2 protein chains.
Amino acid sequence: MVKISDVAREAGVSVATVSRALNNLDTVRPDLAAQVHQAASRLGYRPNSLARNLRKQSTQVWALVISDIENPFFTAVARGVEDTAQQNGYSVMLCNSDEDPEKEARYLSVAGQDRVAGVILSPHSASTDVSSLNHIPLVVIDRALNAPFDVVLVHSRLGAEQATRHLLEQGWQRPACITGPEDAETAVERREGYLQALRGTEIEAQVKHQPFRSPDGAVATAALLDGDNPPDSFFVGNASLALGVLAELSRRGLKPGTDVGLISFDDAPWAPFIDPPISVVAQPAYDIGVQAAQLLVERIANTGPRAPREVNLATTLIFRESSRKLG
Amino acid sequence: MVKISDVAREAGVSVATVSRALNNLDTVRPDLAAQVHQAASRLGYRPNSLARNLRKQSTQVWALVISDIENPFFTAVARGVEDTAQQNGYSVMLCNSDEDPEKEARYLSVAGQDRVAGVILSPHSASTDVSSLNHIPLVVIDRALNAPFDVVLVHSRLGAEQATRHLLEQGWQRPACITGPEDAETAVERREGYLQALRGTEIEAQVKHQPFRSPDGAVATAALLDGDNPPDSFFVGNASLALGVLAELSRRGLKPGTDVGLISFDDAPWAPFIDPPISVVAQPAYDIGVQAAQLLVERIANTGPRAPREVNLATTLIFRESSRKLG
DNA sequence: TTGTACGCGTTATCAT
DNA sequence: ATGATAACGCGTACAA
């Protein structure tokens, strides 16, 4: 393994000069610098990140801790983060906490241990303990923390309200809401948006809280439809749930956009392609990743204490066919 | 930051003894070891991985380089890899090469630079150059390399053949094949399986090679249906393509399982939930990840040169409704 | 069984 | 502008 001292000998300079030249510190004579670069490439020298990490007490790696790698929303976020990290010379370690507080804690702990340069976290809960990070720069996404950190959020509630209102405008009379578990802030936000849209109307609100899983979407749909006041349309809090709703609807011969109205949060890859194409409230997932990454870059650069920043992104209503009311 | 020498002082022993005790080397007197552990936890000592990495010239991190993070197949693989890595004390850095040879090369290069403990790679092509890894243990998945490495594959061709045969057994007369680009080994394998199933029949083979993207699935379907010899059923090489096929079919009012037969590779999350539920050839994605990880663990443990191993996994035909022929 | 001391490959400080 | 050298924190060969 060729090391910096080999290059130094080859170039006829000291290791210090090699280091400076290779790091482009402009305190080295141009011709000498060139000489060093040549020697380095001649020898096939590649800097040893391990040594550099020890010396600088930090790595060029970020940890991105997300709660569900199978959720297209998070994979899109991941792409945004990764692309931006790449551009800034960082690699990203993708950690899937799987909504499991223990896994999350373990990842946070190794991130701290391994001195990653920064962390982007979609916390399981607002009270997630990030102390094991000891002061590694952190940006929070998706749900805020009970502590002052940089955070990028989307206007979930507003998006939910718009979606529900959209259903009403299309002429649906009794929209119901199927959303995630009550301990998930995003699920609650979406419920609140739904309720807000109903305020001032005579419509009876009907809400089902479920885990964010397809089968639960089906169960909730069945319960609603078999209830006292069957809804004629659905606002669904997540793409997985929507799949379950779809399944139960088709089991009953109910076609979205004809017999019943449907709009869901999150623009899944399949949403435009099924029959009928599903209307959705799209979150700017990729952009969330980019914004979070940019916040992190700044936070790493400015080591001094700065006021935490919050960026809020808007959702987009995509009107396809499932929410339309014919006749 | 509390370091090993602090613990040594606190425990009244040398740093060497602390190191030995903390690493459970049984060459240290039990009572002393206990003393050290107490001192360590009293001080809140946490070993500095950076220093350890430099000393050992390797990390406890794997790089998992996949070609498409938005593909549910790869996310499932990733989960398998991650769970197994976790169990063996490794973290995994997920790298999304995006089917881009340059990105792939860059990731391989940083993996080599950062001295990761091992790499799992789904190569863009059989001739992908892995020399920048310099001899870091490597396991290849999904498609083999033109070089002798451990590899875990699935019997794509056999799965494709079974799927096509299944279509025939259901009574479909003219199955067509829509698969990925010709430079993707998996796409070709699936075509070959299709052709194999047709051998010995009078049926005219019809194959479309497309990028693995939904819109291309729609285009191919349209072309086939408008051709001289419109197929009555489709074997599709990938879930994204299947989405496009589905869209085009519904645009034409053709219902799978009634008007036309359909079976696709890969069991996407949405496959069971749409109308009608889609029959698929499922790859054991999670298990691929697990197997690859286990191979890697062994490869890392046994540093000596060992013959490359190849593990082949079988696909599973899941008969739902889209491939059934009524009447 | 325990301790001393060196080395891992860089970067940064301090002279020059 | 350049060079010698001291860290960075840990593991381990060698000596005791």
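Residues numbered from 1 in each chain as written. Chains lettered and ligands numbered in written order. Predicted model: local features only at pLDDT ≥ 70, side-chain atom pairs only at ≥ 80, totals over all residues. Heavy atoms only, no water.

As recorded by an unreviewed UniProt entry, chain A carries the name LacI family transcriptional regulator and is attributed to Psychromicrobium silvestre.

### So, the overall build of chain A
We count it as follows: Helix numbering and strand numbering both begin at the N terminus, where a helix is a DSSP run of H or I of at least 4 residues and a strand a DSSP run of E of at least 2. Radius of gyration here uses only the C-alpha atoms, and the compact-globule reference equals 2.2 Å multiplied by the residue count raised to the power 0.38. Residue exposure (1.4 Å probe, protein chains only): buried if accessible area is under 20% of the type maximum, exposed if over 50%, otherwise partly exposed. In these tables, accessible area is a Shrake-Rupley quantity obtained with a 1.4 Å probe, and a residue counts as shielded only by the protein chains included in the view.
Scanning chain A from N- to C-terminus turns up 11 helices and 12 strands. Scaling as 2.2 N^0.38, a compact globule of 327 residues should have a C-alpha radius of gyration of about 20 Å, whereas chain A reaches 26 Å, well beyond that. By principal-axis analysis of the C-alpha atoms, chain A measures approximately 85 × 35 × 30 Å. Here chain A holds 327 residues, and 53% of them are scored as buried. With the model as given, the accessible surface of chain A reaches about 14,000 Å², and the carbon-plus-sulfur share is 49%.

### Description of the sheet that holds strand β12 (residues 316–318) of chain B
Residues and elements named next belong to chain B. As a reminder of what qualifies: A pair of strands counts as paired when DSSP detects no fewer than two bridges linking them. What counts as an axis is a line fitted to C-alpha atoms, over the stretch in contact for a helix, and the angles between N-to-C directions run from 0 to 180 degrees.
Strands sit in the order β7-β6-β8-β9-β10-β12 across an open sheet of six strands; the sheet is mixed. Both outer strands of the open sheet, β7 (207–209) and β12, are each paired with one neighbouring strand and no more. Ignoring which end each strand starts from, the neighbouring axes of this sheet average 15 degrees apart. Bridge count between strand β8 (residues 233–236) and strand β9 (residues 261–265): four bridges; the pairing is parallel. Considered in β9, the bridge of Phe234 is made with Leu262.

### Things to note about the protein's contact with DNA strand C
The cut-off we apply is this: Put simply, a residue is near a molecule or strand once any heavy atom of it comes within 4 Å of that molecule or strand. Polar contact is the term for a pair of N or O atoms within 3.5 Å; when the atoms are in protein, one must be able to donate a hydrogen and the other to accept it, and sequence-neighboring residues count only if both atoms are side-chain atoms.
If you check the shell around DNA strand C, you find 26 residues, and the closest are A:Ile4, A:Tyr45, A:Arg55, B:Thr17 and B:Leu32. Backbone atoms, meaning sugar and phosphate, make up 66% of the atoms of DNA strand C lying within 4 Å of the protein. Contact between DNA strand C and A:Lys3: a phosphate oxygen at 3.0 Å from a side-chain N or O atom of the residue. Counting only elements with at least two residues in the surface near DNA strand C, the list comes to α2 (15–22) and α4 (49–56) of chain A together with α2 (15–22) and α4 (49–56) of chain B.

### Focus on the pairing of β8(B)
Residue and element names in this part refer to chain B. Covered by surrounding structure in β8 are Ser233 and Phe235 together with Phe234 and Val236, the residues of both alternating faces. As paired strands, strand β6 (residues 175–179) and β8 are joined by four bridges and run parallel to one another. Bridge pairing links Cys177 to Phe235 in β8.

### Focus on the interface of chain A and chain B
Here is the rule: Contacts are assigned to residue pairs with any non-hydrogen atoms lying within 4.5 Å of each other. Buried area is a sum: the accessible area each of two parts loses on coming together, probed at 1.4 Å, counted once for each and added. The term salt bridge refers to a pairing of a side-chain nitrogen on Lys or Arg with a carboxyl oxygen on Asp or Glu at a separation within 4 Å.
Between chain A and chain B, the residue contacts involve 53 residues of the former and 52 residues of the latter. Between chain A and chain B, roughly 4,300 Å² of surface is buried when both sides are summed, and carbon and sulfur atoms account for 53% of that area. Looking only at chain A, the three residues that lose the most surface to chain B are A:Arg46, A:Leu50 and A:Phe273, adding up to 17% of its buried area. The interface formed by chain A and chain B includes six salt bridges.

### A look at the protein's contact with DNA strand D
Applied cut-off: When residues are grouped by polarity, Ala, Val, Leu, Ile, Met, Phe, Trp, Tyr, Cys and Pro land in nonpolar, Asp, Glu, Lys and Arg in charged, and all others, Gly among them, in polar.
As a structural note, the neighbourhood of DNA strand D is formed by 26 residues, with A:Thr17, A:Leu32, B:Ile4, B:Tyr45 and B:Arg55 the closest of them. Each atom of DNA strand D within 4 Å of the protein was assigned to sugar, phosphate or base; sugar and phosphate come to 60%. At 2.5 Å from a phosphate oxygen of DNA strand D is found a side-chain nitrogen or oxygen belonging to B:Tyr45. Per element, the largest residue contribution to the surface near DNA strand D is four residues, and it comes from α2(A). Grouping the amino acids of the surface near DNA strand D by side-chain chemistry returns 12 nonpolar, seven polar and seven charged.

### Observations concerning the sheet that holds strand β5 (residues 150–154) of chain B
All names here are of chain B. Spatially, the six strands line up as an open sheet ordered β2-β1-β3-β4-β5-β11, and their pairing is parallel. Every other strand in the sheet has two partners, leaving β2 (91–96) and β11 (310–313) as the edge strands with one partner each. Neighbour-to-neighbour, the strand axes of this sheet turn through a mean angle of 15 degrees, independent of strand direction. Note: strand β1 (residues 61–66) against β2, six bridges, orientation parallel. For Trp62, the partnering residue across the bridge sits in β2 and is Val92.

### Concerning unusual backbone geometry
When glycine is set aside, most residues are seen to have a negative phi, and most peptide bonds are trans. Residue and element names in this part refer to chain A. Put simply, Asp275 and Pro276 share a cis peptide bond, and its omega is -5 degrees. Relative to the helices and strands, Pro276 resides in the loop between β9 (261–265) and β10 (279–282). For Gln57, which is not glycine, the phi torsion reads 55 degrees and is therefore positive. When you line up the elements, Gln57 lands in the loop between α4 and β1 (61–66). Of note, Asp142 is a non-glycine position whose phi angle comes to about 75 degrees, a positive value. For Asp142, a relative accessible area of 14% puts it in the buried group.

### Let's talk about the pattern of salt bridges
Applying the stated criterion to the full structure yields 42 salt bridges over all chains. Among the salt bridges present, the one from A:Arg79 reaches B:Glu70, with a minimum N-O distance of 3.7 Å. Remark: B:Glu70 occurs in the loop between β1 and α5 (72–87) and A:Arg79 occurs in helix α5 (residues 72–87); the pair is interchain, linking two chains. Connected through shared salt-bridge partners, A:Glu70, A:Asp98, A:Lys103, B:Arg79 and B:Asp83 make up one network.

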